[in-house]
Amino acid sequence: MSEKRKIKDGTLWQIIAHVVMFTGAVLALLPFILLVIASFTDNQTALVNGYSFMPEIWSLEAYKYIASEWGTIGRAYLMTIVVTVAGTLLSLVITSTFAFAVSYDKLPGYKILMFMSIFTMLFNGGIVASYYVYSNIFSIKNTIWALIVPTFLMSPFNVVLVKNYFTNSISPSILEAAKIDGAGVFSIFVRIVMPLSMPIMATIGLMTAISYWNDWTNGLYFLNENGGTQYYTIQLVLNKINENINFLANNSELAAKATQQLPSTTMRMAVAVIGILPIVCAYPFFQKYFVKGITMGGVKE
Amino acid sequence: MKRKQMIKKVSAVLLSAVFLLSGCGSSDGTQQPEQETEAAGAADDNNAENTAASETGDDIYEIVVQYPTLGTTPADLKMVEDAVNERVESEIGVHVTFYPVNAFESNNVTSMMVSSGEKLDLAISIFEGGVANYVNKGMIIELDDLVEQYGQDILDAEGIAMQGGYFDGALYGIPTEEKMARVKAFECRKDLVDKYNIEYDENKIYTADELTEIFKIVQEGEGGAFRCVAINGSEDPLYSFFDHTDQLGATYASGVLMDYGNGEDKIVNYFETEEFESFCNTARTWFEAGYLSPDCNTITDSAYVQMQTGNYFGMFSSAEPDMILGHSRVMQDAIGTDVVPFYTSAPTSMTQLYQVTQWMIPITCDNPEKTMEFLNLTYKDKDLVNLIYHGIEGEHWNFREGSDRLIEYPEGVDASNTPYQTILNVWGDKSKDYQLPPMEDTFFDMMKAFNESVEEEHISGALGYCFNSEPVKTQYAAVSDVITQYQAVLGLGVADPATELETYRSALKAAGIDEVIAENQRQYDEWKAAQ
Amino acid sequence: MSGVKTVPARRAGKIKKKFRWKEYLPYYLLALPGVIYMICNNYLPMFGIVIAFKNLNFRKGIFGSDWSGFDNFKFLFASKDALTITRNTLLYNIAFIILTTVFAIAIAVLINEIRSRFASRLYQSLILLPYLMSWVIVSYLAYALLSAETGLINNGILKNLGLNPVSWYNTPKYWPFILTFVNLWKGVGYAMIIYYSSIVGISQDYYEAAALDGATKWQQIKIITLPLLKPTVITMCILQVGRIFYSDFGLFYQIPMNSGTLYSVTRTIDVYVYNALMKSSDFGMSSAASVYQSIVGFVMIIAVNAIIRKVSKENALF
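Residues numbered from 1 in each chain as written. Chains lettered and ligands numbered in written order. Predicted model: local features only at pLDDT ≥ 70, side-chain atom pairs only at ≥ 80, totals over all residues.

**Some details on the overall build of chain B**
Then comes step 1: In terms of helices and strands, chain B carries 17 helices and 13 strands.
Then comes step 2: Within chain B, buried positions represent 51% of all 531 residues.
Then comes step 3: Put simply, 81% of the contacts in chain B that link residues at least 6 apart link residues at least 24 apart. (Helix = DSSP H or I, 4+ residues; strand = E, 2+ residues; numbered from the N terminus. Buried ≥ 20, exposed ≤ 12 C-beta atoms within 10 Å, placed from the backbone. Contact = placed C-beta atoms within 7 Å.)

Structural data, given as structure tokens:
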């Protein structure tokens, strides 16, 4: 192909890529901007006129509310961060070690282990049973483990992805070579497999982090107001506010008597905004690891 | 590097150890020791063993009482709890521990606690339509004997409201009502009523057609985006304000008795009636004429919140004196006018009215006698109930000049910053409650007059009967589902009844509504014969 | 094969493979945390499945309660809409799987082509944004657009074009498209992550070699990128098929604002179960619904996995 055609071809793709991505980005961003603007809108105006990109009356009341509740909300923030970081790290360790064992197809019973993992994705005992197990047998109710351990610590979905990565993207020859050199299994895992797995680790790390960040079901079941409020996460706080508002809305008899102001819709928008920001900012950190073109250590297939 | 692999090995082992060790960790104070995997079901009415952890001595029984909140636990709850204990420990030998719970999840919390054998002595059912659920799952105990022995003050205070706590022949729930009747109305803005010189008769029961006339006038006058009726699709359906039916402790899915429960003893499918058909047509007229917002079935804010924007003439609501006063106060603050009620029903007395808030004793309670004693005390002792409701005298409130039942906030404290406030008042004999501003002495007289205003012909013949849906639970679930689908759209006139009504009726039949109603009738006849 | 001697049959039968503990133990140790976790988190609570077949009575406990056979399952089929609901769930899921995969791959490929690292990272972050918003919030925003009276579409766009306002929440025919679009909008940024990380792992040497041979970009994508993505795509599809009777509750309940007129096109099994059990919170029935969905998903995964095995063995899950 002539150089000119090559450049044209390359440029054409650049243009296509930019146009499509730009449209996509705008579609994704606009609603978020609407969300942010809504959080700065005066609540009465929002009720009467609906939300718009140019509200009639701007107001900081939603953020003032957040500032006044900073004791709860700030603490929830801290908890969310702690749980997300700890949970993601622990999850990466458990998932990768398990996936590595399963990826070794000479290991007797590796298929059983794999099936064991996938089976959990299909059948589960339900919340009553889980609650019983975690509250009575393991007593994690109202502790920080209640947010980290249930459900997310090892997801079969991640196990499959990591195992596939190990199988498909790491050449067995490297492992063989290392074994011949006398390296032990742990050593191979830590010194060879892990560095080569940065993209997949970053991938499932990001997905796990998002799962932890967005989760409110663990808190809903295992934390209660009797000693668990210090562990509330941001999404849980938002969720409880919404549920309480729905409860009031559906039971108007109470509404007349409720003298305390429940957070208005715009306040809920504000809480949602501050709930999203950190994870968006954390994304670039993971993106560093999506490094192009990792070579396979010079082994030709 | 050997160190790195050692670290990896050690961490893997440690992690597994953590899981094993946490099983041996200390449980929180409210758990009972539990060996088997079965849920504890030991409590039985005559079990008088004291196995709960007690802090202050062997004679004192600790009871765990649910304390419903709307998300935030009052800051001074512990202080109030201590004050309560000062009284009750010496008086009846009970130590109270309040267990805050979000109102919307009280059902879940109770279920989870009971299913895993955790100690819970007094559970609250709030806005769930009664105790049927709990009884069918075997979570709570019968209270007949306990109330007879220890609950005399409860019976005195609640009177007719006790009828709401019966299910399947026994008493399971203790209500806390200060209102012995309910009345429904269209509450609307006084300033607009005056502006258009609309005739207002407070002794009249208005029909939907009469309201249509009024809406016409107001809509023409205000025009534009103004709407006559503020409504929310998930609240009580419009027809329920006009139909004067008794839902027999359940819902429309199981059939109703017409005419305040005083007509025929026949349970009917409300949606087959001519009355419903003509209401659908009226609702359709309202919707097409613009009295209702085109978004009425999807709007998320409650009618109450919508009213405060000033863009609506009125809303349908319960209209007992305290409701009118409360709504007026809020509307005054919001847009500067009071509300007047156009009554759409007479004050009535039916089972489901008394199912709003009910106290229950779960099977995980070890000493139901003491628990009932405490509950009874909240109906007997004026100081105790106000302590729980309002807080500590001098600290959270003071008597107003010259009154022993009207109170006010202390200097510098108001509704928005008080460290103790009970939003959901579910405590004891509410007629003994002290009142904050703007309620005055007239409030007590108004409530008394209202309670006594229920006429004989408006007291339902089915009072005390509650339908048990368990035998037909499949059909009941299917029918409820159909009703949810059509209730907002037909009830608000969003869909055209000419086409949709027939579809609705046949969908109900297909889901099995006739079987549910037959079961209901059977249970009802049985109950009536046993009276 | 000349050089290899076949082992005489007699001796072959006698050779036993020694279980090479020393070789396997480290692997088992590595798998141990995961196994312990699965036992604690998933297998211990498995006993809860029996709740679906019992008439749960707390007084008798989970094991003491009476068996109720398949009674708890009946309500799933009692509604005359049972077929519609199942149809909705299946069709939406199939559409979602196909569309999300196609769009996610397309976007991953395109982002990979962008030379500017800053731009590619920015785009990635932005299209992930929708995934991070909860469905409740998204439903408010959708309401801002679709509200009959105050919505941006009716007020801002249609009015200015002189068209009549549409009562979006009461017109079923638009909703399959609306829901599909919203699902795509929310999910593609997340799905793309997986495909993108796979693409990034493909060695540049392949592309350089292809370019030297005169291949255009499109050919490179067709010949190198897509085939190398095949294992990931197959895995993802199998996993998603296992959830084919589940649906995203937030999408089908919150977004249509639970509007009754839309039920025929927006109701899926999860929404139906929620509505049916809202008033009674019957654990037995909700457990039955869960078992029903699981069994179907299980059967589907086995079936699809078997098909894949016939086609390309190494890509099957097990």
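**Re the overall build of chain C**
Then comes step 1: In terms of helices and strands, chain C carries 15 helices and two strands.
Then comes step 2: For chain C, the spread of C-alpha atoms along the principal axes amounts to about 85 × 70 × 30 Å.
Then comes step 3: The buried share of chain C, reckoned over its 318 residues, is 45%.
Then comes step 4: At a minimum sequence separation of 6, the contacts of chain C that also span at least 24 residues come to 68%.

**Side note on the nonpolar core**
Then comes step 1: With 322 residues, the main nonpolar core has Ile 140, Ile 231, Val 479 and Leu 492 of chain B together with Ala 108 of chain C as its most contacted residues.
Then comes step 2: At twelve residues, helix α4 (residues 70-103) of chain A tops the list of elements feeding residues into this core.
Then comes step 3: Looking at which domains feed residues into this core, each of domain 1 (3-39) and domain 2 (70-287) of chain A gives three or more.
Then comes step 4: Contacts of Ile 140 of chain B, omitting those with residues within four sequence positions, involve Val 131, Tyr 134, Val 135, Tyr 172, Met 360, Ile 361, Pro 362 and Ile 363 of chain B. (Core = buried A, V, L, I, M, F, W, Y, C linked by C-beta atoms within 7 Å. Domains from an automatic or database assignment.)

**What about the interface of chain A and chain C?**
Then comes step 1: On the side of chain C, 74 residues touch chain A, which itself brings 89 residues to the contact.
Then comes step 2: A per-element tally of the side of chain A that touches chain C places helix α1 (residues 3-39) of chain A first, with 17 residues.
Then comes step 3: For the side of chain A that touches chain C, the per-class residue count stands at 59 nonpolar, 27 polar and three charged. (Nonpolar A, V, L, I, M, F, W, Y, C, P; charged D, E, K, R; others polar.)

**What to know about the environment of Ile 111 of chain C**
Then comes step 1: Turning to its location among the elements, Ile 111 of chain C is positioned in helix α5 (residues 82-113).
Then comes step 2: What makes Ile 111 of chain C buried here is the crowd of 24 C-beta atoms within 10 Å.
Then comes step 3: Counting along the chain gives twelve residues from Ile 111 of chain C to Tyr 123 of chain C, while the straight-line C-alpha distance between them is 7.7 Å.
Then comes step 4: For Ile 111 of chain C, the contacting residues outside a window of four places in its chain are Met 21 of chain A together with Ser 120, Tyr 123, Gln 124 and Tyr 196 of chain C.

**Concerning the sheet that holds strand β3 (residues 123-126) of chain B**
Then comes step 1: Pairing is antiparallel across the open sheet formed by three strands, whose spatial order is β3-β11-β6 (chain B). The outermost strands of the open sheet, each flanked by one partner alone, are β3 and β6 (174-175) of chain B. (Pairing = 2+ DSSP bridges.)

**As for the interface of chain B and chain C**
Then comes step 1: Each side of the interface is counted separately: chain B has 39 residues, and chain C has 40 residues.
Then comes step 2: Secondary structure elements with two or more residues in the side of chain B that touches chain C: α1 (2-23), α3 (106-115), α15 (473-491) and α16 (497-511) of chain B.
Then comes step 3: No other element matches α15 of chain B, which puts twelve residues into the side of chain B that touches chain C.
Then comes step 4: Residue composition of the side of chain B that touches chain C, grouped by class: 18 nonpolar, 16 polar and five charged.

**Overview of the sheet that holds strand β10 (residues 339-343) of chain B**
Residues and elements named next belong to chain B.
Then comes step 1: Spatial strand order, β8-β9-β7-β10: four strands in an open sheet with mixed pairing. The open sheet terminates on both sides in strands that have one partner only, identified here as β8 (227-230) and β10. Taking the axes of each pair of neighbouring strands and ignoring which way they run, one obtains an average angle of 30 degrees across the sheet.
Then comes step 2: For β8 and strand β9 (residues 312-318), the ladder comprises three bridges, and the chain directions are parallel. Across the sheet, Val 229 pairs through a bridge with Gly 314, a residue of β9.
Then comes step 3: Against the sheet, helix α8 (residues 208-222) contacts β7 (184-189), β8, β9 and β10, and its axis sits at roughly 130 degrees relative to β8.
Then comes step 4: Of the strands in this sheet, β7, β9 and β10 are in contact with helix α11 (residues 321-335), which crosses β10 at around 140 degrees. (Axes fitted to C-alpha atoms, helices over the stretch in contact; angles between N-to-C directions.)

**Considering the confidence of the model for chain C**
All names here are of chain C.
Then comes step 1: Chain-level statistics for chain C give a pLDDT mean of 84 and a share of 93% at 70 or above.
Then comes step 2: For chain C, the element scoring lowest by mean pLDDT is helix α1 (residues 9-14), at 52; α5 scores highest, at 91.
Then comes step 3: Prediction confidence for the complex, expressed as pTM and ipTM, is 0.81 and 0.84 respectively. (pLDDT = per-residue confidence, 0-100.)

**Some points on helix α11 (residues 217-241) of chain C**
For an α-helix, 3.6 residues make a turn, and residues three or four places apart therefore share a direction.
Then comes step 1: Along α11 of chain C, the sharpest kink reaches roughly 45 degrees, centred on Lys 230 of chain C and followed within four residues by the proline Pro 231 of chain C.
Then comes step 2: Gln 220, Ile 221, Leu 229, Thr 232, Ile 234, Thr 235, Met 236, Ile 238 and Gln 240 of chain C are the residues of α11 of chain C that are buried.
Then comes step 3: Residues of α11 of chain C that are buried make contact with α8 (156-169) of chain A together with α5, α9 (175-200), α10 (204-212) and α15 (283-311) of chain C. (Bend = angle between axes of the 7 residues up to and from the residue.)

**A word on the pairing of β7 of chain B**
Residues and elements named next belong to chain B.
Then comes step 1: Counting buried positions over the six residues of β7 gives six, a clear majority of the element.
Then comes step 2: In terms of strand pairing, β7 meets β9 through five bridges, oriented antiparallel. The residue bridging Lys 184 from the neighbouring strand is Ser 318, located in β9.

**Re the packing of α4 of chain A against helix α11 (residues 198-214) of chain A**
Residue and element names in this part refer to chain A.
Then comes step 1: Closest axis-to-axis distance for the α4/α11 pair is 9 Å, and the angle between their directions is 140 degrees. Accordingly, the angle class assigned to the pair α4 and α11 is oblique. Where α4 crosses over α11, the handedness of that crossing is right-handed. Mapping the contact onto sequence places Thr 80, Val 83, Thr 84, Gly 87, Thr 88, Ser 91, Leu 92, Thr 95 and Ser 96 in α4 and Met 201, Ile 204, Gly 205, Thr 208, Ala 209, Tyr 212 and Trp 213 in α11.
Then comes step 2: Across the contact of α4 with α11, the residue classes break down as seven nonpolar, nine polar and no charged. (Parallel < 35°, antiparallel > 145°, perpendicular 65-115°, else oblique. Left-handed = near helix turned anticlockwise from the far one by under 90°.)

**Some words on α16 of chain B**
Then comes step 1: Compared with the 21 Å implied by 1.5 Å per residue over 15 residues, the 20 Å span of α16 of chain B between its first and last C-alpha is a close match.
Then comes step 2: Within the sequence span of α16 of chain B, burial applies to Pro 497, Tyr 504, Ala 507, Leu 508 and Ala 511 of chain B. One side of α16 of chain B carries all its buried residues, which in axial view fall inside an arc of 105 degrees. Of the exposed residues in α16 of chain B, the ones pointing more than 90 degrees away from its buried face are Ala 498, Thr 499, Glu 502 and Ser 506 of chain B.
Then comes step 3: The elements touched by buried residues of α16 of chain B are α9 (274-289), α15 and α17 (513-530) of chain B together with α4 (74-78) of chain C. (Expected span 1.5 Å × (residues − 1). Arc of directions from axis to C-beta.)

**Let's talk about the environment of Gly 242 of chain C**
Then comes step 1: By the element assignment, Gly 242 of chain C lies in the loop between α11 and α12 (249-254).
Then comes step 2: Each residue touching Gly 242 of chain C, except ones within four places of it in the same chain, is listed here: Met 121 and Leu 122 of chain A together with Gly 297, Met 300 and Ile 301 of chain C.

**Notes on the confidence of the model for chain B**
Where the model shows low pLDDT, its predicted coordinates should not be examined in detail.
Then comes step 1: Per-residue confidence for chain B gives a mean pLDDT of 82, with 89% of residues at or over 70.
Then comes step 2: Taken as a whole, residues 1-57 of chain B scores under 50 in pLDDT and shows 87 contacts with residues more than four places along the chain or in a different chain.

**A word on the environment of Thr 84 of chain A**
Then comes step 1: Among the secondary structure elements, Thr 84 of chain A is positioned in helix α4.
Then comes step 2: Along the backbone, Thr 84 of chain A and Trp 213 of chain A are 129 residues apart, and their C-alpha atoms lie at a distance of 5.9 Å.

**A word on unusual backbone geometry**
Backbone phi values are negative for most residues with the exception of glycine, while trans is the configuration of most peptide bonds.
Then comes step 1: Phi at Phe 127 of chain B takes a positive value of approximately 60 degrees, unusual for a residue other than glycine.
Then comes step 2: Inspection of the secondary structure assignment puts Phe 127 of chain B in the loop between β3 and α4 (132-136).
Then comes step 3: With phi around 50 degrees, Met 257 of chain C is a residue other than glycine that occupies positive phi space.
Then comes step 4: The residue Met 257 of chain C is located in the loop between α12 and α13 (263-266) in this model.

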